[in-house]
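Here is how the chains run, residue by residue.
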Amino acid sequence: MGLMDQVELPQPVKYVFNWGRKYSLWCFNFGLACCAIEFIAASTSRHDFIRHGVIPFAHGPRQADLLVVSGTLTDKMAPAVKRLYEEMPEPKYVISFGSCANCGGPYWDSYSVTKGVDQIIPVDVYVPGCPPRPEALLDGIIALQHRIQNESLKDRIAGRRQDPITLGADAPLALEEGA
Amino acid sequence: MSDVLARRDRALSPEETEELLRDRLGDGLQRTVLEYGVFTVWVEQDAWVQAATLCRDEPLLAYDMFDNLFGIDAREEGFDVVAVLYSTSTGNRIALRTRCAGGRDEPTCPSITDIYRGADWMERETWDMFGVDFPGHPQIGPRILTVENFEGWPLRKDFHLASRAAKPWPGVKEPAELDEDGNVIERVPHIGDAPGPYDLDKAMAEQAQAMNPRPELDGPEDDDDADDEPAEVEAGPDDDPTVSGAEKAEARRKAQAEARAKKAAERAGGDGDEGAAQLDQDVYDQLIAEGKSERIARSKAKAAYIKAQRAKEGDA
Amino acid sequence: MSDLETTERVLPSNAPGEDVAFEILGDGDFPTAEMSLSIGPAHPATHGVFRIVLDLDGERVRGARPVIGYMHRGFEKLAEYRDYRQIAALTNRHDWLSGFCNELGVAIAVESMLELEVPDRAQWIRMLMAEWNRILNHLMFIGSYALELGAITPMFYAFREREDIQHLMESATGGRLHFTYNQPGGVKIDLPKGFLKRSAEISKVTRERFDDYVDLVLGNEIFQGRTVGVGPLPQDVALSLGITGPTLHATGIAEDSRVTEPYLKYGDIDVEVPLGENGDAFDRFYVLLHRIRASLDIIDQIHDHMPAGPVNSKLPKMVKAPEGAIYVRTENPLGQLGYWLESDGGRTPWRFKMRTPSFSNVQAIPYLMQGALLPDAISILGSVFFVVGDIDR
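Residues numbered from 1 in each chain as written. Chains lettered and ligands numbered in written order. Predicted model: local features only at pLDDT ≥ 70, side-chain atom pairs only at ≥ 80, totals over all residues. Heavy atoms only, no water.

Asks: Even after reading the chapter, I still don't get the overall build of chain C, so can you show me in this structure?
Replies: Across its full length, chain C carries 15 helices and nine strands. Against the compact-globule benchmark of 21 Å for 393 residues, chain C has a radius of gyration of 23 Å, which places it among compact chains. C-alpha atoms of chain C, sized along the principal axes, occupy 80 × 50 × 35 Å. Scored against the burial criterion, the 393 residues of chain C give a buried share of 66%. Taking the intrachain contacts of chain C between residues at least 6 apart in sequence as the baseline, contacts between residues at least 24 apart amount to 69%. For chain C, the accessible surface area stands at approximately 13,000 Å², while carbon and sulfur atoms represent 51% of it. Of the charged side chains in chain C, 38 are positive and 54 negative; the average position of the first set lies 10 Å away from that of the second. (Helix = DSSP H or I, 4+ residues; strand = E, 2+ residues; numbered from the N terminus. Rg over C-alpha atoms; globule rule 2.2 N^0.38 Å. Buried < 20%, exposed > 50% of the residue type's maximum accessible area, 1.4 Å probe, protein only. Contact = heavy atoms within 4.5 Å. Areas by Shrake-Rupley, 256 points an atom, 1.4 Å probe, with all protein chains shown as cover. Lys, Arg positive; Asp, Glu negative; His and termini not counted. Charge placed at Lys NZ, Arg CZ, Asp CG, Glu CD.)

Asks: Explanation requested: the sheet that holds strand β4 (residues 79-86) of chain B in the structure shown.
Replies: Strand pairing in a sheet relies on backbone hydrogen bonds. The paired strands run either parallel or antiparallel. All names here are of chain B. On the basis of which strands lie adjacent, the open sheet formed by five strands has the order β1-β2-β5-β4-β3 and mixed pairing. Edge positions in the sheet fall to β1 (29-35) and β3 (65-73), since each of these pairs with one other strand and no more. Sheet twist, expressed as the mean angle between neighbouring strand axes with direction ignored, is 20°. As paired elements, β4 and strand β5 (residues 93-99) share seven bridges and run antiparallel to each other. Within β5, the residue paired with alanine 83 across the bridge is leucine 96. Across the sheet, helix α3 (residues 48-57) lies against β2 (38-43), β3, β4 and β5, angled at about 170° from β5, the strand it touches most. (Pairing = 2+ DSSP bridges. Axes fitted to C-alpha atoms, helices over the stretch in contact; angles between N-to-C directions.)

Asks: Whenever I open this one, the pairing of β5 of chain B confuses me. Can you help?
Replies: Remark: a regular strand shows side chains that alternate across the two faces of the sheet. Residues and elements named next belong to chain B. Counted residue by residue, β5 has six buried out of seven residues, so it is predominantly covered. Sheet topology note: the β2/β5 ladder contains three bridges and is parallel. Counted as the bridge partner of tryptophan 42 is arginine 97 from β5. Linking β4 to β5, which pair antiparallel, is a turn of six residues; within it glycine 91 sits at a positive phi near 75°.

Asks: Honestly, the interface of chain C and chain B in this entry has me stumped. Any pointers?
Replies: By a widely used convention, the size of an interface equals the accessible area lost when the partners come together. Between chain C and chain B, the contact holds 62 residues from the first and 63 residues from the second. Each partner contributes to the roughly 5,300 Å² buried at the junction of chain C and chain B, and carbon and sulfur atoms together form 58% of this total. The interface formed by chain C and chain B contains eight salt bridges. Put simply, arginine 93 of chain B and glutamate 261 of chain C hold a salt bridge, and the shortest N to O gap is 2.6 Å. For the interface between chain C and chain B, the tally reads 21 residue pairs in polar contact (both at pLDDT 80 or more). Of all elements in the fold, only α1 (75-79), α3 (99-114), α8 (235-241), α10 (257-260), β7 (324-332), β8 (335-343), β9 (351-355) and α12 (357-362) of chain C reach the threshold of two or more residues within the side of chain C that touches chain B. The element contributing the most residues to the side of chain C that touches chain B is β7 of chain C, with five residues. (Buried area = accessible area lost by both parts, 1.4 Å probe. Salt bridge = Lys/Arg side-chain N within 4 Å of Asp/Glu carboxyl O. Polar contact = N/O pair within 3.5 Å; in protein donor to acceptor, adjacent residues only side chain to side chain.)

Asks: Is there a simple way to explain the pattern of salt bridges in this structure?
Replies: Pairing is possible between side chains that carry opposite charge, provided their charged atoms lie close to one another. One pass over the full model with this rule turns up 53 salt bridges over all chains. The partner of glutamate 151 of chain A in a salt bridge is arginine 21 of chain A, with the nearest N and O atoms 3.0 Å apart. Taken together, the positions of glutamate 151 of chain A in the loop between α5 (134-150) and α6 (153-157) and arginine 21 of chain A in helix α1 (residues 11-22) put the pair 130 residues apart, joining distant regions of the chain. According to the relative accessible area criterion, glutamate 151 of chain A is buried, its value standing at 5%. You can call arginine 21 of chain A buried: its relative accessible area is 16%. The closest approach of N and O atoms between arginine 351 of chain C and glutamate 76 of chain C, which form a salt bridge, is 3.1 Å. Note that arginine 351 of chain C is positioned in strand β9 and glutamate 76 of chain C in helix α1, a separation of 275 residues in sequence. An identical accessibility class is assigned to arginine 351 of chain C and glutamate 76 of chain C; each is buried.

As structure tokens, then:
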């Protein structure tokens, strides 16, 4: 990363740089359950999030900027998710897609379900729903892109993360942030 | 297709099947039950393998498809194991059922993997869920579904769900609990009851309340109103949109609005620490002292408070 | 492979708890190394969190051990804590591609135990929805199987139809994946106006586009090369393992609950069961694809039969199944789904056992993989159509 983790970029450079970053989000879908189907629906012809600059063809976590955790996370699976996240290079973003990934969802009382992916990895955007519609994912992606546009890369690389965005609760806020 | 159905003429009736099995198994067959179209044959533990072999090899029975095998908790007597078999030629289905030897401590049941290949994973699953051992199974471990170091046998009735002990039911109705009179316990859901990020809960709860104003959400003071409301999903929502229904709905809406206003006023009037009144402060302090996180402590204290409230109401 | 001359064990850095070791066998010109290859749990070829450990001798698969449980959510335990209406929300989700067919089984079980009369119209609506759901499921597998074999286009084609059908089902049920449209005694609400007309239109369009899939995938030379003769399954093994659905039909056995023990109104209409001959990967896919056409035929018949009338019946305030046990088997898109519902007369089931088709079908994988080549492993894995949630529950 060179200088970028050392100094704050000047505003015009930062603008162009972040503009570039936000429209080339290589996305790794960690499809766990039902929500993965809606993720696929969002990536195919009708909803098509490629038009927003999200590229769902990352061959693995090492080539990805964005991790979409879609579905129920179980205790048996949790170490693998943590490992995948750690394999991703900084700056990296996480979208928690669906109620199960947010908080355990309908399995809140199960003996084998981890109650939310945020217990093991930091999350940037929560998309609620069971499963959320593809449009909700698009909304989450746009909220994330607004955040990326305004963010300081130096802080991000140093691990200083902003509070997560919760769609529905503070989506308007996210838009204000971006303006 | 037609030849499959044509062979149905050969199918034995349940009575004939019982006769044939009793003839071959003797005392090994305990009794048969035919309910809701399911023909269940109870067999002795010793006759379990013999019964399964007979079902497969006897040409009149010809149960060639292995359908299912699972355990059932039989209270203090231990555990049952059920194997469901199906015959593609006769279209009959049979459920063999046996009670495991060894009671609740060391339940065992002979394996039938040699007879039906499909029993392999099913028996592993039964072991994983109930702790029933299957002597003769090629490899019962490691645990097939749960985490390898999981402790306990989840489907036994004495295995309780920890989340339920720690947190109250996040919805309005708790299906598994009844009060003393056998009525549904209706509980006011609170933000933060459900696990997960607090902000998300809050947002979703507020949205849900805004979208579906329901009288039973608004505290215990409008009990009579809540009784009017059909407690469960109504069978025919668009059955009779009569005038009286419309009037009723109007009245309910009014009552709701009042209750909401009242509640809002209460909230505004109360101190800023909105959750404090609902917590069992002692439990909360103790948990904090034990080093638990604030969220867990709050939710546990809330559960303790609700429990205490209910006990108090029960006394009164 | 020339540098594989020593016989020392090479332990590469690996997933924790994983013991992958290479042992060098033989010393000829082509020494082969026996190794075990762990695929998954997060691998694109396993479509879901499914893990399989292959014991390889060179390129030959000596044995395969599926490792399941990564999606185990404890449905059977949770069902014991939920009442009979709430269970529908759980059963929707174990096979997330066929939510409607899943919840159907619970509704039928509870109705049979309560001896509830279900109105005719509700039964026909259920059939209509179940068949649309079946098509939805199969379209997904057409897309994903082709994707695993290296073709991305069928996925886009499949989702074009899927979106139309999902839109149709959403107009009646309000859900895209999890419908929760059934309830004991009927369905939640009646079909919206113009539903049948729209349904007929989509049926017509899907039928026209069906030939696209036949040409695009089934007629494709590469597809045939990778699937014909790969992973054949004999009939007796299939039955002994309890395999059902397209995987069983591919072996030539026409065991389909809709025909052999009709539920709802399937007895009143013609149900065609497409069959294969050899039980190989090609036949499995062939059967899956042609089941779409068969379902469209059923849908057209349902349109002609759809009666008027109520769609649900009055229920008691609290549904309590009487004491006893029932086993309901319905034909799910992936095979036969069985629910064993044992009640002690209470508000929640005493035992709710789900016999899910994928769990049984996946048991065939070790058998099918034995002796196959490594590149064929993916063809085989994809051709035993399964949903991970349906395996692990």
